[in-house]
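Residue-level listing of the chains:
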Amino acid sequence: MAASALAGTPENPLRVAIVGAGPAGFYAADHLLKQEDVVVSVDMFDRLLSPYGLVRHGVAPDHLKIKTVTKGFSQTAMHPRFRFFGNVDFGRDLTIDDLKGLYHQAVFCTGAQTDRRMGIPGEDLEGSHPATSFVAWYNGHPDYRDCRFDLSQESVAIVGVGNVAIDVARILCLSPEELRATDMPDYAVKALSKSRVRDVYLLGRRGPAQAAFTNPELKELGELADADVDIPHSEAELDPLSREELEASGDRMLARKVEMIREYASRAPGGKPRRLHLRFLVSPAELQDTGQGRVGGLRLVHNVLVRTASGALSAEATGESETIPAGLVFRSVGYRGVSLAGVPFNERWGVIANAGGRVLDAESELPVVGEYAAGWIKRGPSGVIGTNKPDALETVTAMLEDARAGLTWQPSSASPEAVTSLFADRCVDFTTFQDWCAIDAIELAEGERCGRPRVKCGSRDEMWRALGRVDGRAAR
Amino acid sequence: MKLSAVLAAKGNRVFTIGPGSSIRDAIDTLAGNNIGALVVLGRAGEPVGLLSERDIIRAMASSPGAIQQTVADLMTSPVLTAAPDDDADSVLRTMTGRRFRHMPVVEGDSLVGMVTIGDLVKAQLTEFRGTVESLETRLLES
Ligand SMILES: Cc1cc2nc3c(=O)[nH]c(=O)nc-3n(C[C@H](O)[C@H](O)[C@H](O)COP(=O)(O)OP(=O)(O)OC[C@H]3O[C@@H](n4cnc5c(N)ncnc54)[C@H](O)[C@@H]3O)c2cc1C
Ligand SMILES: NC(=O)c1ccc[n+]([C@@H]2O[C@H](COP(=O)([O-])OP(=O)(O)OC[C@H]3O[C@@H](n4cnc5c(N)ncnc54)[C@H](OP(=O)(O)O)[C@@H]3O)[C@@H](O)[C@H]2O)c1
């Protein structure tokens, strides 16, 4: 490759496209712009009009403090060599070939856009939903606004005991006052305030020591205004293998978690209107049909833990089973990445095929020049927001190393204007970071007017209107 | 964290060898790819053993003629394997406790990856750094 025109100087900056404006995208941008060795200019694209990915559409609407991480992201966005293009869907409005003509490198940070399946009978009965869509709905994701969840049901089951499952359970138990203290869109506050839900079951297939939720989230469950936590004594006690494992690990946080669960199990019912049943060592075997194609209950099999060859503890069915009533079921067994047109995908793990962030060719397993991945689409759907920072750093380190070696795309039109004229030709109406700041201010002002922290615009139309534009076309 | 999360950003390639291959070939593959161990696959593609650089060095130290032997002669067998759904923490504990540096990962009967102690420690460190990063952000913003 020609070393003569190495990009990365003030006259000829390394032009990088970041696809996806979630934490991974912003951390990657920050790493790229902060180092001074190679001069980089960043264009970031997102299919939504707004940035921040799951921080806006995943993080629970009552966890406002966690969302302050966006302050750092907006500082990155103010960098003179950074541009944001919202409402640009990679695959529809922009292709891999477009990127190759406009940039030296692209990094895909598109997260995990769908849900994992359980693979049991009845999974698709009416009333059974992936937690992903409920979360997106109550968080005002524009693609999920029209989802309907039957909150007239009294008994709800949530499969899985990760932090997402805990979020869903807590949101279902919030009192009307607690709901108003969130930044949910109005439609969600209204629907949840009228909810008739009384019993919420959280179902863990392994024991307390293997529960994926973290301690602060568990602690919150015990402090809800409107719901008592109920845990069967027998399920709160550790089996011998878990006890051995806990001792061997010396993990004090884990010991604390197990202790908290035992404490909850010993609580007497407090007479609150709702009950949150946390269950362990049960796996759903089947969602039962009411006879009208709707879910009415769940058949659970009881499990014991067994040690696998590698020393991990895994659930094995005992043959005993029970049935619990559930008119509404949320499957919270993990997210899954979606493939992007023209980018090699690893079906087994549901991620872009990569090694340490360098995209790999599906056949040769060798790095593909110019293409990178970071965040959930690189390593799968696990880890908190901050985990994406070291993750993005690994990817950016590889990008810069390759750029220094001249291993980049050779774009034919690497000017900043080339991409805007491409969108003009294609009639792609995009939002800028300034547009987002305007929407942000409107949402905050609406919150202030209603005595709430923020009221989210719940649809694309509402956002365009807030910007004084209609249907994605500039108003005169 | 599960092993699948560790494997996802490692690519699919696992270096393997047959039990009948020569130690010479094994050394070439190890050196050529800058790796520490090979998974030995049986006829049906199932892992039957693991051949590490240590296995080779140990054999050569006691008899330089070991280079004439086959993979089957020097490999560690049977081999302990893990599943993608296994918790990375537990597997790491097993590996440090039993002094294994490599753990092949199988799904059903097929080999789907290999994790090293280094991979697991790195993943743990990233997770740990992430938690610290998140806590710091919350503290600084409050
Ligand atoms: C329900 C839920 C709650 C969570 N709560 C917390 C929490 O409280 N605290 C915490 O620390 N962590 C939390 N997490 C974890 C955290 O959200 C993730 O670690 C993080 O968001 C992953 O970042 P990412 O950038 O990889 O993906 P994402 O945040 O998902 O961002 C991906 C972005 O890519 C965009 N995109 C996707 N496809 C395309 C396309 N084709 N073209 C253009 N753009 C595209 C999406 O619109 C999105 O904006 C939570 C996760 C979930 C699911
Ligand atoms: N407040 C926060 O910090 C916060 C909030 C939300 C999310 N997050 C993070 O985002 C990531 C994703 O969270 P998540 O909750 O989606 O995933 P997760 O933490 O991986 O939890 C998934 C849960 O589903 C269970 N499960 C998987 N397959 C199952 C099956 N077939 N049947 C029954 N149960 C099954 C798992 O049990 P096993 O362990 O037995 O497999 C586990 O309890 C996590 O890293 C999480 O910490 C953080």
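It should be emphasised that the depicted structure is a prediction, and the values quoted were computed from it without experimental measurement.

Draft legend 1. Expanded view of the overall build of chain B. Regarding its fold elements, chain B presents six helices and five strands. Ordered by position in the sequence, the α and β elements of chain B form the string α-β-α-β-β-α-α-α-β-β-α. A principal-axis box enclosing the C-alpha atoms of chain B has dimensions of 65 × 35 × 25 Å. Classification of the 142 residues of chain B by burial places 42% in the buried group. Pairs at least 24 residues apart make up 54% of the contacts formed inside chain B by residues separated by at least 6 positions. Counting every atom, chain B has about 7300 Å² of accessible surface; 52% of that belongs to carbon and sulfur.

Draft legend 2. View of the sheet that holds strand β6 (residues 128-130) of chain A. Residue and element names in this part refer to chain A. The six strands lie next to each other as β6-β14-β7-β8-β10-β9, forming an open sheet whose pairing is parallel. Each edge of the sheet is formed by a strand with only one pairing partner; in this case those strands are β6 and β9 (227-230). This sheet shows a mean twist of 20° between the axes of neighbouring strands, independent of strand direction. Taken together, the four bridges between β9 and strand β10 (residues 274-279) define a ladder with parallel strand orientation. Paired with Ala-227 across the strands is Arg-274, a residue of β10. In the packing of helix α5 (residues 131-138) onto the sheet, contacts are made with β6 and β14 (328-331), and the angle to β6 comes to roughly 75°.

Draft legend 3. Spatial organisation of the domain arrangement of chain A. Residue and element names in this part refer to chain A. One can read the domain layout of chain A as domain 1 (3-113 + 337-431) and domain 2 (116-334). Just the C-alpha atoms count here: the centres of domain 1 and domain 2 sit 34 Å apart. Summed over both sides, the interface of domain 1 with domain 2 buries roughly 1200 Å², with 51% coming from carbon and sulfur. Taken as a group, His-57, Pro-61 and Asp-62 account for 45% of the area that domain 1 buries against domain 2, more than any other trio of residues on that side. Its salt-bridge partner being Lys-67, residue Asp-183 comes within 3.1 Å of it at the nearest N-O pair. In this structure, the connection of domain 1 to domain 2 is made through eight residue pairs in polar contact (both at pLDDT 80 or more). Looking at the side of domain 1 that touches domain 2 residue by residue, the class counts come to five nonpolar, four polar and four charged.

Draft legend 4. Quick look at the site of ligand 2. Ligand 2 sits among 22 residues. The nearest are Arg-205, Arg-206, Glu-217 and Gly-383 of chain A together with Lys-2 of chain B. At the site occupied by ligand 2, nearby residues are drawn from chains A and B. Residue Val-161 of chain A places a main-chain N or O atom 3.1 Å away from an oxygen atom belonging to ligand 2. Lys-2 of chain B is positioned such that a nitrogen or oxygen atom in its side chain is 2.5 Å from an oxygen atom of ligand 2. Alone, ligand 2 offers 920 Å² of accessible surface; in the complex the protein occludes 82% of this. The greatest single-element share of the shell around ligand 2, amounting to three residues, is contributed by helix α6 (residues 163-173) of chain A. Split by residue class, the shell around ligand 2 holds nine nonpolar, seven polar and six charged. Here the shell around ligand 2 spans two domains, since at least three of its residues come from each of domain 1 (3-113 + 337-431) and domain 2 (116-334) of chain A.

How each quantity is defined
- Residues numbered from 1 in each chain as written.
- Chains lettered and ligands numbered in written order.
- Predicted model: local features only at pLDDT ≥ 70, side-chain atom pairs only at ≥ 80, totals over all residues.
- Heavy atoms only, no water.
- Helix = DSSP H or I, 4+ residues; strand = E, 2+ residues; numbered from the N terminus.
- Buried < 20%, exposed > 50% of the residue type's maximum accessible area, 1.4 Å probe, protein only.
- Contact = heavy atoms within 4.5 Å.
- Areas by Shrake-Rupley, 256 points an atom, 1.4 Å probe, with all protein chains shown as cover.
- Pairing = 2+ DSSP bridges.
- Axes fitted to C-alpha atoms, helices over the stretch in contact; angles between N-to-C directions.
- Domains from an automatic or database assignment.
- Buried area = accessible area lost by both parts, 1.4 Å probe.
- Salt bridge = Lys/Arg side-chain N within 4 Å of Asp/Glu carboxyl O.
- Polar contact = N/O pair within 3.5 Å; in protein donor to acceptor, adjacent residues only side chain to side chain.
- Nonpolar A, V, L, I, M, F, W, Y, C, P; charged D, E, K, R; others polar.
- Near = heavy atom within 4 Å.

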